[in-house]
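Here's the letter readout for the chains.
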Amino acid sequence: MSNTPLAIGLIILGMGIVTYAIRLLPMMLLGRVEGRPLMRQALRFVPPAVLSALIFPELLLPGGILDLSPGNPRLLAGTLAAFIAWRTKNALLAIAVGMGALWVLQSVFPH
Amino acid sequence: MLSRRLEFIAGVKDELPILLGVSPFGMIYGVLALSAGLPASLPFAVSFVVFAGSAQFVSVQLIGAGAPGIVIVFTTCIVNLRHILYSASLAPYLTHLGRRWRCLLAYLLTDEVYAITITRFVHEATLPSRSPFLQWYFLGAGLAQWSAWQASTAVGIALGAQIPPGWALDFTVALTFIALVVPALTDRPSVAAALSAGVVAVLVADCPYKLGLVAAAISGILVGLAVETQQTAARRRR
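About the thresholds
Residues numbered from 1 in each chain as written. Chains lettered and ligands numbered in written order. Predicted model: local features only at pLDDT ≥ 70, side-chain atom pairs only at ≥ 80, totals over all residues. Helix = DSSP H or I, 4+ residues; strand = E, 2+ residues; numbered from the N terminus. Rg over C-alpha atoms; globule rule 2.2 N^0.38 Å. Buried ≥ 20, exposed ≤ 12 C-beta atoms within 10 Å, placed from the backbone. Contact = placed C-beta atoms within 7 Å. Nonpolar A, V, L, I, M, F, W, Y, C, P; charged D, E, K, R; others polar. pLDDT = per-residue confidence, 0-100. Domains from an automatic or database assignment. Axes fitted to C-alpha atoms, helices over the stretch in contact; angles between N-to-C directions. Parallel < 35°, antiparallel > 145°, perpendicular 65-115°, else oblique. Left-handed = near helix turned anticlockwise from the far one by under 90°. Core = buried A, V, L, I, M, F, W, Y, C linked by C-beta atoms within 7 Å. Expected span 1.5 Å × (residues − 1). Bend = angle between axes of the 7 residues up to and from the residue.

### Topic: the overall build of chain B
Working step 1: Within chain B, the secondary structure is distributed over 11 helices and zero strands.
Working step 2: Listing each helix as α and each strand as β along chain B from the N terminus yields α-α-α-α-α-α-α-α-α-α-α.
Working step 3: Its C-alpha radius of gyration of 19 Å places chain B within 12% of the 18 Å reference for a compact globule of 238 residues.
Working step 4: On the principal axes, the C-alpha backbone points of chain B span a range of 65 × 45 × 40 Å.
Working step 5: Residues counted as buried form 49% of the 238 residues belonging to chain B.

### Considering the interface of chain B and chain A
Working step 1: Taken together, the 73 residues of chain B in the interface contact 62 residues of chain A.
Working step 2: Classifying every residue of the side of chain B that touches chain A gives 52 nonpolar, 18 polar and three charged.

### Some thoughts on the confidence of the model for chain A
Working step 1: Looking at chain A, the pLDDT average stands at 91 and 93% of residues meet or exceed 70.
Working step 2: Mean pLDDT across the elements of chain A bottoms out in helix 2 (residues 37-43) of chain A (88) and peaks in helix 4 (residues 73-88) of chain A (97).

### Considering the domain arrangement of chain B
Residues and elements named next belong to chain B.
Working step 1: Under the domain assignment used here, chain B contains domain 1 (4-161) and domain 2 (185-238).
Working step 2: Here domain 1 and domain 2 have C-alpha centroids that lie 25 Å from each other.
Working step 3: Facing the seven residues of domain 1 at the interface are six residues of domain 2.
Working step 4: Among the elements of the structure, helix 4 (69-79) and helix 5 (82-90) are those that each provide at least two residues to the side of domain 1 that touches domain 2.
Working step 5: Of the residues belonging to the side of domain 1 that touches domain 2, the class tally is four nonpolar, two polar and one charged.

### Comments concerning the domain arrangement of chain A
Working step 1: Along its sequence, chain A is carved into domain 1 (1-31) and domain 2 (45-108).
Working step 2: With centres defined by C-alpha atoms, the gap from domain 1 of chain A to domain 2 of chain A works out at 34 Å.

### Regarding the packing of helix 4 of chain A against helix 5 (residues 91-108) of chain A
All names here are of chain A.
Working step 1: The N-to-C vectors of helix 4 and helix 5 enclose an angle of 155°; their axes lie 8 Å apart at closest approach. Here helix 5 runs roughly antiparallel to helix 4, going by the angle between their axes. Of the two elements, helix 4 crosses helix 5, and the hand of that crossing is right-handed. In contact with Pro73, Arg74, Leu76, Ala77, Gly78, Leu80, Ala81, Ile84, Ala85 and Thr88 of helix 4, helix 5 contributes Ala91, Leu93, Ala94, Ile95, Val97, Gly98, Ala101, Leu102, Leu105 and Gln106.
Working step 2: Here the residues of the contact of helix 4 with helix 5 are counted per class, giving 15 nonpolar, four polar and one charged.

### A look at the nonpolar core
Working step 1: Membership of the largest hydrophobic core comes to 102 residues, with the highest contact counts inside it found for A:Ala81 and B:Ile178.
Working step 2: Dropping the residues within four chain positions of it, B:Ile178 is found in contact with A:Ile55, A:Gly78, A:Ala81, A:Ala82, A:Ala85 and A:Ala94.

### Notes on the packing of helix 3 (residues 46-60) of chain A against helix 4 of chain A
All names here are of chain A.
Working step 1: Where helix 3 contacts helix 4, the two axes come as close as 7 Å, and the packing angle between them is 135°. Classified by the angle between their axes, helix 3 and helix 4 sit oblique to one another. Here Glu58, Leu59 and Leu60 of helix 3 lie close against helix 4, whose contacting residues are Arg74, Leu75 and Gly78.

### Quick notes on unusual backbone geometry
Trans peptide bonds make up most of the peptide bonds, and negative phi angles are found at most residues other than glycine.
Residue and element names in this part refer to chain B.
Working step 1: Of note, the phi angle at Ala168 is positive, near 55°, even though the residue is not glycine.
Working step 2: Here the phi dihedral of Lys210 falls at roughly 65°; this positive angle occurs in a residue that is not glycine.
Working step 3: For Lys210, the location among the structural elements is in the loop between helix 10 (188-203) and helix 11 (211-237).
Working step 4: Looking at Lys210, the number of C-beta atoms within 10 Å reads 19, which means it is partly exposed.

### Let's talk about the confidence of the model for chain B
Working step 1: Predicted confidence across chain B gives a mean pLDDT of 93, with 100% of residues reaching 70 or more.
Working step 2: Between the elements of chain B, mean pLDDT differs from a low of 90, seen in helix 3 (residues 53-64) of chain B, to a high of 97, seen in helix 10 of chain B.

### Some thoughts on helix 1 (residues 4-35) of chain B
Residues and elements named next belong to chain B.
Working step 1: Helix length check: helix 1, at 32 residues, gives a terminal C-alpha distance of 43 Å against a target of 46 Å (1.5 Å per residue), a fit within 8%.
Working step 2: Maximum bend of helix 1: about 50°, positioned at Ile18.
Working step 3: Following helix 1 by one or two positions, Gly37 adopts a phi angle in the positive range, close to 90°.

### Re helix 5 of chain A
Working step 1: The end-to-end C-alpha distance of helix 5 of chain A is 26 Å, a good match for the 26 Å that 18 residues give at a rise of 1.5 Å each.
Working step 2: Of the residues making up helix 5 of chain A, those classed as buried are A:Ala91, A:Ala94, A:Ile95, A:Val97, A:Gly98, A:Met99, A:Ala101 and A:Leu102.
Working step 3: Elements that come into contact with the buried residues of helix 5 of chain A comprise helix 4 of chain A together with helix 1 and helix 9 (171-181) of chain B.

### A short note on the environment of B:Leu32
Residue and element names in this part refer to chain B.
Working step 1: Considering the arrangement of structural elements, one finds Leu32 in helix 1.
Working step 2: Using a count of 18 C-beta atoms within 10 Å as the deciding quantity, one classes Leu32 as partly exposed.
Working step 3: Leu32 sits 29 residues away from Gln61 along the chain, and the two C-alpha atoms are 8.0 Å apart.

Take a look at the structure:
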């Protein structure tokens, strides 16, 4: 480590400040979007877009390599969980079935 | 209608499945920080001050490598850019709150807390009477994750990563996101936004510092807007 303890303390503080500012400022400044229909319309798509962007690589890129085959346990287990979430709207059930399916499939298709 | 206390508890409860996946991640972070040559107090201080998983992983590596402070702070900033979208998307639901509430909730805003909270907020907005204590739900989910993150960092530092990778507990995070997003895909523009963001995320997965996620999210938003605009135009023509 080439930075002094004081410098490292300041670096951590700086990291904390930028992270907090990023999380706080839109919340503070963007309060009233009623008057801006395009903004409100765009913000509606943030949850589905962000969540899918987090989900897809987890299912399709196990270990960082694209795997669309039926031998990809995460893809099968995730698809099953999606089906259950769609039919039942029961989050806990979808998570439990998805996890159970992954364990079973992992033992069938060991890496 | 739920009371403040029950909203808080509901937030904690809804966060629990995700904590199964977050906790091993916290332990690995603790282990990784030590193996980067950092003293034990440091990764703990970072968990407390920064409280942002991915950024912490990158920054302890950089600190361990002796990178210049400005580079480390700037990298943290880039890795956390996606939080702008989260904060902006939550903003309309928090306008009635005082500054102090927003200052507290902003500190607790992570990927997982965002996913859970926004799903509840959007759902509540469709109801005839919205719960007046939704900030307590946010606080419950946030504090649950905060506590689990600090505790798992401490366990990782003290005892090492204790959970076998074969259990694949990290997958509970993706599964929870699936369980949250699928029921919310009730119209064609949302489905288009979700599919396009997912495909772009896979295509640009090699992008460093979570920038691929930002690009994917923005693509999804634009596609959603385009499909919605086209739908509205088609309806007008009819």
